[in-house]
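Structural overview for review
Okay, here's what each chain looks like letter by letter:
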Amino acid sequence: MKTRPYHHGDLRTTLLALAENTLRDRGPAELSLRELAREAGVSPAAPSRHFKNKQALLDALALEGYQRLTAAMTDDLVRAGETFARRLAALTRTYVAFASTHPALLELMFTRKHEPDASDELMAATQRLLTMATEVIEDGQRRGEVRAGSMELLAVPLIAVLQGLTALALSGGFTDEQAEQGLEETIAFILRGYAP
């Protein structure tokens, strides 16, 4: 039996991309390092240079998801300007767009963070995402655009609405126009709730 050489441009990136495709198309149970190696055109042992097992691959994929979402939110918040309304709209739209485009990845991200063996790196990435949301609210408070209150309490409605809106968007029961109108109404609803 002929073995394949290891030489491959960026095998880690390739494996993560292939794993995300499998996750999207068939779910996490169908992920196999051996199958990913075959798809990448490398030897069955090659993935172990980057991931000691399937769980390590899933953790890396979840972490990459958090990094991509955080980067997208950071970029959109910078472009949004300074007002709370514009920053909240950017945060909401970016989150919903990511969730709609990568639902299986988002589910993996939130599932892994609740596992007892979740890595410190994954927990830190989760915290960075939450911190971005609370910083938008805190900045709105400093500008007088958000009512007074503790961040712990003020962040809960935003997180709940984002999760609920995402679930509705992914349910498939809405046309694109209805989803867009619903997003506009949701942003307006959140702004009214935060108004001083």
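Residues numbered from 1 in each chain as written. Predicted model: local features only at pLDDT ≥ 70, side-chain atom pairs only at ≥ 80, totals over all residues. Heavy atoms only, no water.

For soluble globular proteins, nonpolar side chains are generally found buried alongside one another. Among the nonpolar cores identified, the biggest contains 53 residues, and M109, I137, L158 and Y194 are the most heavily contacted of them. Breaking this core down by element, the ones donating at least two residues are α1 (11-26), α2 (33-40), α3 (54-80), α4 (84-101), α5 (103-113), α6 (120-142), α7 (151-170) and α8 (176-194). Here this core takes 11 residues from α3, the largest share from any one element. Apart from residues no more than four positions distant in its own chain, M109 is found in contact with A62, G65, Y66, L69 and F98. The next biggest cluster of nonpolar side chains, apart from the first, holds 5 residues, and it includes A89, V96, L183 and I187. (Core = buried A, V, L, I, M, F, W, Y, C linked by side-chain atoms within 4.5 Å. Buried < 20%, exposed > 50% of the residue type's maximum accessible area, 1.4 Å probe, protein only. Helix = DSSP H or I, 4+ residues; strand = E, 2+ residues; numbered from the N terminus. Contact = heavy atoms within 4.5 Å.)

Direction vectors running N to C along α4 and α8 enclose 135 degrees, while the axes themselves pass 10 Å from each other. One way to sum up the angle between α4 and α8 is to call them oblique. As α4 runs across α8, the sense of the crossing is right-handed. Here F84, A85, L88, A89, T92, R93 and V96 of α4 come into contact with α8, specifically with E180, L183, E184, I187, I190, L191 and Y194. When grouped by side-chain class, the residues that make up the contact of α4 with α8 number 10 nonpolar, 1 polar and 3 charged. (Axes fitted to C-alpha atoms, helices over the stretch in contact; angles between N-to-C directions. Parallel < 35°, antiparallel > 145°, perpendicular 65-115°, else oblique. Left-handed = near helix turned anticlockwise from the far one by under 90°. Nonpolar A, V, L, I, M, F, W, Y, C, P; charged D, E, K, R; others polar.)

Inspection of the entire model under this criterion finds 11 salt bridges. Note that R24 and D25 form a salt bridge whose closest N and O atoms lie 3.0 Å from each other. Pair check on accessibility: R24 and D25 agree, each one exposed. Among the salt bridges present, the one from E35 reaches R38, with a minimum N-O distance of 2.4 Å. Within this pair, E35 and its partner R38 are both found in helix α2, separated by 3 residues, close to a single helical turn. Judged by relative accessible area, which is 26%, E35 ranks as partly exposed. A residue is classified by how much of its surface remains accessible, and R38, at 47% relative accessible area, is partly exposed. (Salt bridge = Lys/Arg side-chain N within 4 Å of Asp/Glu carboxyl O.)

This part covers the confidence of the model for the protein. Confidence in the prediction for the protein averages 88 pLDDT; 95% of positions are at 70 or higher. Of the regions scoring below 50 in pLDDT, residues 1-7 engages in 11 contacts with residues more than four places distant in sequence or in other chains. (pLDDT = per-residue confidence, 0-100.)

Let us look at the packing of aromatic side chains. Under the definition given, this model contains 2 aromatic pairs. Ring centres of Y66 and F110 lie 6.0 Å apart, and the angle between their planes is 70 degrees; on these two criteria the pair is classed as edge-to-face. Here F110 lies in helix α5 and Y66 lies in helix α3, a separation of 44 residues in the sequence. An angle of 85 degrees between the planes, with centres 5.7 Å apart, marks the rings of F84 and Y194 as edge-to-face. Taken together, the residues F84 in helix α4 and Y194 in helix α8 connect sequence positions 110 residues apart. This pair shows no difference in class: F84 is buried, exactly as Y194 is. (Phe/Tyr/Trp six-rings, centres within 6.5 Å; stacked < 30°, edge-to-face > 60°.)

Turning to the packing of α4 against α7, a few remarks are in order. Working note: a packed helix pair is described by the angle between its axes plus the distance between those axes. Orientation of α4 relative to α7, taken along the N-to-C sense of each, is 40 degrees, at an axis distance of 10 Å. Judged by the inter-axis angle, α4 sits oblique to α7. Between α4 and α7 lies a crossing of right-handed hand. Counting all contacts with α4, which are made through L88, L91, T92, Y95, V96, A99 and S100, the residues of α7 involved are L158, L162, Q163, L165, T166, A169 and L170.

Within the sequence span of α5, burial applies to L105, L106, L108, M109, F110 and R112. If you follow the buried residues of α5, they end up packed against α1, α3, α4, α6 and α7.

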